[in-house]
Amino acid sequence: MENRNKPLAELLRPTTIEGLVGVNLKGVNLENPQSMILWGPPGCGKTSLARIISRTSGLETAVLSAVTSGSAQFKSIFEIAERGQKILLHVDEIHHLNKTQQDIFLPHLENGNIVLLGTTTENPSFELRPALLSRCKVVVFKRLSTDDLELLLKRAEKFLEKDLPLDSEARKALCEMADGDGRYLLNMVEDIIANVKDNQILQAKDLPEILSKRTVLYDKHDDEHYNLISALHKSLRGSDVDAALYWFARMIEGGENPLYIARRLVRFAVEDVGMADPNALNQAIAAQQAYSFLGSPEGELAICQAVIYLATAPKSNAGYVAFNSAKKMAKQTGSLMPPKHILNAPTKLMKDLGYYKDYIYDPDTKDGFSGQNYFPEGVSRQVLYKPFERGFEREIKKRLEYWEKLRKAKQK
């Protein structure tokens, strides 16, 4: 077995094209490579491909980091190439090169002395000069799919000569946590192997405890402080204006900071009233501003007014529930790109990649509604916001139903 002092991600780094996952290498000549910019998210195989090309081409290779290397180091390599030795130059994090450093590459790329392999996580359209970009082929990498990550897990198990101590849901959760980053996935595997007990099988709920530091919580106030604010919050939610006023007064008489109460009212306005009465947030913010302007005791009446408004407002937590559902969906899907038709294309490269193609400008349509897809490709549409038949949300519900009807009609 190889040196286990190396990270698992390095030990499992692919050494052949067949070992790479999740990348389309159409048009890439490994034996006689052209200059390329390898662009993609972390842990998707850019450096591995650069090393494979170096090995396959047989060219003398120099590896530099744009973060730590200066112009003098690049010029010394160019001087060697000018003496007749063709060099494959791998520049990691190439987007960190300044404009002057990028310019010194141009004549050497032009005469073929240097084959440049630049790796970057940043959009080369914005980070690299057009003159440099025009002399290179751009190879676009994508975040690794769930299937790709599962393949890496199987390779890790084969290398370690044992199954990972994960049940099926934990295995799936681990891939979701990796968010398309193969290196990060294998780093987490090492953490699991180092921390799991013998014969222990981890469930999904166990992973956060092992893979992240727990935040230390502490209270700087006594229980009464939290008991009273909880009583006020529950009274507001229950639309009991009299009880809400009582608990508000209890807190003021007890010496509570009125701005603390005002902050909690702002939270209540967005969490418990929401779009059932959009003006609730305005009332809560106005109360906070009024108190900051007037101070005690006059400003307390402004907060009292907000308490009355919130207690008597229609309630809806549909926005709160929708946000939690959206966060859950975001964690599951990770960093998927938006569909290309809704991405602006200010550069030629982005246009060539299909950005903004077939986008429909909604105001120009008959109904002011195109019905286009705005979710990432491969992600099925989900209904996250489900308004209630309360207050202003009745009107919102009608609008959503109308647009859904138009969307289905346009899909036929």
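All values derive from a computational prediction rather than experimental measurement.

Rules of the game
- Residues numbered from 1 in each chain as written.
- Predicted model: local features only at pLDDT ≥ 70, side-chain atom pairs only at ≥ 80, totals over all residues.
- Heavy atoms only, no water.
- Helix = DSSP H or I, 4+ residues; strand = E, 2+ residues; numbered from the N terminus.
- Rg over C-alpha atoms; globule rule 2.2 N^0.38 Å.
- Buried < 20%, exposed > 50% of the residue type's maximum accessible area, 1.4 Å probe, protein only.
- Contact = heavy atoms within 4.5 Å.
- Areas by Shrake-Rupley, 256 points an atom, 1.4 Å probe, with all protein chains shown as cover.
- Lys, Arg positive; Asp, Glu negative; His and termini not counted.
- Charge placed at Lys NZ, Arg CZ, Asp CG, Glu CD.
- 1 Å grid on protein atoms, 1.4 Å probe; cavity = no way out; pocket = protein on both sides within 12 Å on 5 of 7 lines; lining within 4 Å.
- Points joined across faces, edges and corners; volume = space filled by probe spheres on them.
- Nonpolar A, V, L, I, M, F, W, Y, C, P; charged D, E, K, R; others polar.
- Phe/Tyr/Trp six-rings, centres within 6.5 Å; stacked < 30°, edge-to-face > 60°.
- Lys NZ or Arg CZ within 6 Å of the ring centre and 35° of its normal.
- Pairing = 2+ DSSP bridges.

> Give a description of the overall build of the chain that names residues and reports values.
A tally of helices and strands in the chain yields 19 helices and five strands. Relative to the globule expectation of 22 Å for 412 residues, the C-alpha radius of gyration of the chain, 29 Å, shows a markedly less compact shape. By its C-alpha atoms, the chain is 90 × 65 × 50 Å across when sized along the principal axes. Split into buried and exposed, the 412 residues of the chain put 42% on the buried side. Summarising the internal contacts of the chain: among those between residues at least 6 apart in sequence, 73% fall at separations of at least 24. Surface summary for the chain: the accessible area is close to 23,900 Å², and the carbon and sulfur share equals 51%. Of note, the chain has its 55 positive side-chain charges centred 5 Å away from the centre of its 53 negative side-chain charges.

> An account of the layout of surface pockets is requested, with residue identities and associated values reported.
If a probe the size of a water molecule is rolled over the atoms, the empty space left behind becomes visible. In this structure, the largest pocket encloses a volume near 1,200 Å³. Along its surface, the largest pocket is lined by 44 residues, and F141, K142, R143, L336 and M337 are the ones closest to its centre. Only β5 (137-140), α8 (146-160), α9 (168-178) and α17 (318-333) provide two or more residues apiece to the lining of the largest pocket. Ranked by the residues each element gives to the lining of the largest pocket, the list is headed by β5, at four residues. For the lining of the largest pocket, a count of residues per class yields 20 nonpolar, twelve polar and twelve charged. Taken as a whole, the second largest pocket spans an internal volume of roughly 420 Å³. Forming the boundary of the second largest pocket are 26 residues, of which G43, C44, G45, S48 and R183 lie nearest the centre. Contributing elements (two or more residues each) for the lining of the second largest pocket: α1 (8-11), α2 (46-57), β4 (114-120), α8 and α10 (182-195).

> Break down the environment of T347 for me, with residues and values.
Topologically, T347 is positioned in the loop between α17 and α18 (348-352). What makes T347 buried here is its relative accessible area of 16%. Separated by 42 residues in the primary sequence, T347 and Q305 have C-alpha atoms spaced 54 Å apart.

> Describe empty space enclosed by the protein, naming the residues involved and giving the relevant values.
Here the structure, examined in full by the defined rule, presents one cavity of 30 Å³ or more. What the largest cavity holds in volume is close to 40 Å³. If you trace the largest cavity, you find it lined by I229, L232, H233, L236, R264, L265 and F268. Looking at the lining of the largest cavity, the elements that each hand over two or more residues are α12 (223-237) and α14 (258-273). No other element matches the four residues that α12 contributes to the lining of the largest cavity.

> Lay out the packing of aromatic side chains with the relevant residues and their values.
A full pass over the atoms with the stated rule returns five aromatic pairs. Ring geometry for F78 against F105: centres 5.2 Å apart, planes inclined by 80 degrees, an arrangement best described as edge-to-face. With F78 in helix α3 (residues 71-82) and F105 in the loop between α4 (99-103) and α5 (106-111), the pair connects residues that are 27 residues apart, well separated along the chain. Pair check on accessibility: F78 and F105 agree, each one buried. Geometrically, the ring pair formed by Y356 and Y359 is tilted, given 5.3 Å between the ring centres and 35 degrees between the ring planes. Since its relative accessible area comes to 42%, Y356 is described here as partly exposed. One Lys or Arg, R390, reaches over the ring of F388 and ends 4.2 Å from the middle of that ring.

> Quick one: what's the story with the pairing of strand β1 (residues 36-39), residue by residue and with numbers?
Residues M36 and L38 line one face of β1 and the alternating positions I37 and W39 line the opposite face, and both faces are buried. Where β1 lies against β4, four bridges are found, and the strand directions are parallel. Bridge pairing in β4 places W39 opposite T120. Examined bridge by bridge, β1 and β5 share four bridges and lie parallel to one another. The residue bridging I37 from the neighbouring strand is V138, located in β5.

> Can you tell me about the environment of Y355, naming the residues and giving the values?
Within the secondary structure, Y355 is located in the loop between α18 and α19 (393-411). When neighbours within four sequence positions are excluded, Y355 is seen to be in contact with W39, M337, K340, L343, N344, A345 and M350.

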